[in-house]
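# Coordinate inspection notes
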Amino acid sequence: GDVHLFIFSVPAAERGRDAVYNVGSGSAGSFNDVIGALNAALRTDLKADYFENPYAFYQAFTEADIGRAQSDLGYAPVFDLMRGVADTVRRLSA
């Protein structure tokens, strides 16, 4: 975490930029995609338990725009959702 923040902040500081950047895969993923990725990584077949959303402010779709991080920092995603979840599960299981 902190190492990544440092690596990304140095190029931005050198260019005289002070900003917050979105980083991620650059692609949207649904909750079902996350469940699928977790099931694959954990070798399970768990099903989602759907319920009525109690929050009026809930944002059903999110996809961070990483364009600024790409142009200012030269950021390029390394992981897609499946690989990111699998890597996180592997690291936490070690």
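Residues numbered from 1 in each chain as written. Predicted model: local features only at pLDDT ≥ 70, side-chain atom pairs only at ≥ 80, totals over all residues. Heavy atoms only, no water.

## Examining the confidence of the model for the chain
With 82% of its residues at a pLDDT of 70 or more, the chain has an overall mean of 83. Summarising per-element confidence for the chain, the mean pLDDT is lowest in helix 1 (residues 2-14) (56) and highest in helix 2 (residues 31-42) (95). (pLDDT = per-residue confidence, 0-100. Helix = DSSP H or I, 4+ residues; strand = E, 2+ residues; numbered from the N terminus.)

## Description of the side chain of D87
Secondary-structure assignment places D87 in helix 4 (residues 81-93). A relative accessible area of 16% places D87 in the buried class. Reaching out from D87, the side chain makes a polar contact with the side chain of R91 at a distance of 2.7 Å. (Buried < 20%, exposed > 50% of the residue type's maximum accessible area, 1.4 Å probe, protein only. Polar contact = N/O pair within 3.5 Å; in protein donor to acceptor, adjacent residues only side chain to side chain.)

## Section: helix 4
Turn by turn, an α-helix covers 3.6 residues, leaving residues three or four places apart pointing in a common direction. For helix 4, built from 13 residues, the straight-helix expectation of 18 Å at 1.5 Å per residue is met to within 8% by its first-to-last C-alpha distance of 18 Å. Here helix 4 has its buried residues at V85, D87 and V89. Its buried side turned inward, helix 4 meets helix 2. The N-capping residue of helix 4, defined by a side-chain oxygen 3.3 Å from the backbone nitrogen of M82, is D80. (Expected span 1.5 Å × (residues − 1). Contact = heavy atoms within 4.5 Å.)

## Some details on the side chain of N39
Position of N39 relative to the elements: it lies in helix 2. A distance of 2.8 Å separates a polar side-chain atom of N39 from the backbone oxygen of L46. If we ignore the near neighbours within four places in the chain, the residues touching N39 are T44, D45 and L46.

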